[in-house]
Each structure stands twice: as structure tokens, then as C-alpha cells.
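Understanding the architecture of this molecule
Single-letter residue listing:
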Amino acid sequence: MTSPIDLSKLKPNADNLLKQAVQAGHVPGVVAAASTSQGTVYEAAFGERALDQGVAMTTDTVFWLASMTKPIVGAAAMQLVEQGKLTLDEPAAKFLPELANVKLLTGWDSAGQPMVRAPQAQITLRQLLTHTAGFTSDIWNVDSARYLKTMNLPRAGSGKKIALSVPLTFEPGTRWEYGINIDWAGQVVAAVSGMRLGEYIQKNIAEPLGMSSTGFKITPAMRARLATVHQRDTLTGVLSTTPFEVSQDTEFDPGGGGLYSTAGDYLRFTRMILNQGRGNGNQILKPETIALMSKNAMGPLRVNLLRTQNPAASHDAEFFPGIEKTWGLTFMINEQLAPTGRSAGSLAWAGLPNAFFWIDPKKDLSGVILMQVLPFVDPHALGLFTAYEKAVYAASP
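Okay, so let's go over this structure.

Points about the sheet that holds strand β14 (residues 355-360)
Strand order across the open sheet formed by seven strands is β2-β1-β15-β14-β13-β12-β11, with antiparallel pairing between neighbours. Two strands bound the open sheet, and with one partner strand each, they are β2 (39-47) and β11 (325-327). The sheet shows a mean angle of 20° between the axes of neighbouring strands, taken without regard to direction. Here three bridges tie β11 to strand β12 (residues 332-334), and the two strands are oriented antiparallel to one another. If you follow Thr326 over to β12, its bridge partner there is Ile333.

Quick word on unusual backbone geometry
Cis peptide bonds are those with omega within 30 degrees of zero, and the linkage from Leu329 to Thr330 qualifies with 15°. Relative to the elements of secondary structure, Thr330 occurs in the loop between β11 and β12. In this structure, Pro375 follows Leu374 across a cis peptide bond, with omega equal to 5°. Position of Pro375 among the secondary structure elements: in the loop between β16 (373-374) and α10 (379-394). At Ala66, a residue that is not glycine, the phi angle is positive and equals roughly 50°. If you trace the backbone, Ala66 turns up in the loop between β3 (63-64) and α2 (70-82).

Overview of the pairing of β2
Two faces belong to every sheet, and in a regular strand the side chains alternate between them. Of the pairings in the sheet, the one linking strand β1 (residues 29-36) to β2 comprises eight bridges and is antiparallel in character. In the sheet register, Ala33 faces β2, and the bridge partner there is Glu43. Linking β1 back to β2 in an antiparallel pair, the connection comprises two residues.

Quick word on helix α1 (residues 7-23)
Turn by turn, an α-helix covers 3.6 residues, leaving residues three or four places apart pointing in a common direction. For α1, which comprises 17 residues, the first-to-last C-alpha distance of 23 Å matches the rise-based estimate of 24 Å (1.5 Å per residue) to within 8%. Among the residues making up α1, those that are buried are Leu10, Ala14, Asp15, Leu18, Ala21 and Val22. Mapping the buried residues of α1 onto a view down its axis gives an arc of 135°, with all of them on the same face. In α1, the exposed residues that point more than 90 degrees away from the buried face are Ser8 and Gln23. Following α1 by one or two positions, Gly25 has its phi on the positive side, about 80°.

Thoughts on the sheet that holds β16
Across the sheet, three strands lie side by side as β7-β6-β16; this open sheet has mixed pairing. Whereas interior strands pair on both sides, the edge strands pair on one side only; in this sheet they are β7 (239-241) and β16. Where strand β6 (residues 230-232) and β7 come together, three bridges link them in antiparallel fashion. Bridge pairing links His230 to Thr241 in β7.

Quick look at the packing of α2 against helix α5 (residues 181-193)
Helix-helix packing is described using two parameters, namely the angle between the two axes and the distance between the axes. For the pair α2 and α5, interaxial distance at closest approach is 10 Å and the crossing angle is 40°. Here α2 runs over α5; the crossing is left-handed. Every residue of α5 that contacts α2 at Lys70, Val73, Ala76, Ala77 and Leu80 is listed here: Ile182, Ala185, Gly186, Val189 and Val192. Across the contact of α2 with α5, the residue classes tally to eight nonpolar, one polar and one charged.

The rules behind each value
- Residues numbered from 1 in each chain as written.
- Predicted model: local features only at pLDDT ≥ 70, side-chain atom pairs only at ≥ 80, totals over all residues.
- Heavy atoms only, no water.
- Pairing = 2+ DSSP bridges.
- Helix = DSSP H or I, 4+ residues; strand = E, 2+ residues; numbered from the N terminus.
- Axes fitted to C-alpha atoms, helices over the stretch in contact; angles between N-to-C directions.
- Expected span 1.5 Å × (residues − 1).
- Buried < 20%, exposed > 50% of the residue type's maximum accessible area, 1.4 Å probe, protein only.
- Arc of directions from axis to C-beta.
- Left-handed = near helix turned anticlockwise from the far one by under 90°.
- Contact = heavy atoms within 4.5 Å.
- Nonpolar A, V, L, I, M, F, W, Y, C, P; charged D, E, K, R; others polar.

Shape is all these values report; function is a separate question.
Written as C-alpha cells, this is what we have:
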């Protein structure tokens, strides 16, 4: 299946790439790591946690994961599917009645107000986990952006429950479009488990895997190692620190993007996937569940370009244009060999501040690279991720 990573080749190449990116001012700081199913094979940190503040980036630095939260929430949901407490294809309103009241946005009236009706089909957990339910994001969907502005609603990441009271922008199951679906899936987990989402994840995933620096709440020990989010000016390209932080006093835990963690902790999660559900001596998910999560779960639908509605938050976003991409439970899957060397059938996703991971079961390899730079898919940050991934594969026979 795999051969050992050639560390004598990987370390100098990866170190050089990361160091150069920091020295050139492309990113303030970065942590990158890679693992096989047997353990971590590379881990390094360069730069600063906050630009020009003199605090060095370290491998145990805590980052806002943003949407790298989603696969962990997906794993939580799949634990409950294993236990028979949830099902993938029944109406999810069976488990969370609020979903029965969700409407479909059909347009805008002459006064500029939204027009809605009931959707033709009820939403399922599978659709929530694959971004095919109809919930979209104001960052990439013009109608979602207009709706939040018109109705003066907060974003889902605010942790305010009213933020989830938005209509679908397409009929459930008819297409793929990225959105707040996993925030809803997280609320399904909370309803069925009787716990807050963060409490459930802590008890059933983070603690069993030894992910001691992962949570929605930033503990004092985590805060002492916290990296700062930076914003690149869209006109000048200059980076500056921002005061952004996910609210620590929320009505619900935002499963779409609220977790904080470290590269080492996240590698523990990816290693669990490589080990067919087992990590840190604990069976988190059954091997057959991992197999189900790791294959296309949305049939003929395909992942496509996300066109930005908010250039400060994200550029237009698509990984590996021209390569067929599907969605599992809850990962993007490249169905063809990627130009970085990533095998067909690998799992991946990312977080808004240019945090990235991939899991390659065929080559028994996973990687994480964490930055705190907006907008998403910033060319410098994306370029560094791509170069780092290539360096990892160049050292892998």
C-alpha cells in the first residue's frame, strides 16, 4: 500500500518552502505536518503567530479551523448513524423538527422582499452532509448574501440560532452548493445526543483521540498559544492583523466552522481515518463507516466553482479545476489523480483562513497546513499549500 516517507528528502524541501514563504512576507506564519497511519512523519512551524509582534509560531500553536470543523462534525453524525440513532435518508426533521419548517427561496418581489414556499422534498442528513440540501453561503451565493442583508440576519458562524432561519436556494438533492448545511447537521447531533455539539465532540471524538487542544471554547491554555487572523488588503496586498474570533458565548456551537485546534490534533483525526476508524487505542468509527464516508455520497452531482460574493472573505474557489470532484460524508473527493500527486479517491477540505488538509488512503498519507490569512484561497497561501503537498508526495515512493 505504501512505503515509508523519505524524511531526508521531505524535511529540507518542506522547511525551505515554508521558511521562504515567511521570509518573503507571503504569510506571517505557518504550521505544516504530515502523517502515515503509523504516526507523524513531519511537523514544522515558521514565522509569527501575529505579524510583527515577535511571538514565534510553534507546532503547538492553536488555529481557528473554520470549515475544517465540518469533517469532525460529520464523524460525530456518523457515530450516531452507526448506533441507529440517526439515518442518512429519512427526513432529518424526524430528528430535528425545525427542519420541517424550512422554506425555499423562489425570488424577490417588487418591494425587494424574499418570496418563499415549501420545498418539494424534505431534507435528509445525507443531503446536509454532502451540501446538496439547498442551504448555501452568503460568501458564495448571491441570494444568500441578499437574504441576510435584507432580513438583517447574522451569519451562522455567529452562533445565534436565528442565523439558521434562512431559506434554501434550490430544491433538496438537485445540485451541490457549499453552505451552512453542517451547522444544521451539528444541530441534529445535538438534538439526538442531548448534548451541546462541542460537548458531544469532546466526549466522543476529541478526548478518545487525544485531541487535547481542540474545542469550540478557547481554554486559557489554548489562548496562550493562539494565532491571530490576518487580512490581506484586496487593493494593496498588505497584510494586517484583525480582531476576528469566533464568539465564545453562543446559543449553539457552529458546526460549520467554530472549532479551534492544532496541526498535531488534526493529524490525530486524519490518522483515525487512515486507520479505518481507530486512533489512540480507541475505535471511533467502524471500518465500514469509514469506507462509506470515503466514497461519493451524492450520485451524479459534482463539486463546482464557488464564485465569491465577498472578496474580502474569499476569492473564487475551486480545487483542481478540470478534475472531477465528488463529496463523501463529509469530505471532498478528487476522483482523478491530482497534479500534486494526491491519489484518486483521496479526501480533503479546507478552512476559510487558508487552513488545509488531505487524507490519501491509497498512499497511507495525510497532511495538514495551517495559516490564518484572509481571503480564502489567497494566491500566496494556496500556492504554499500546493507546493507543500507536492513536496510531501515527492518524498513518498
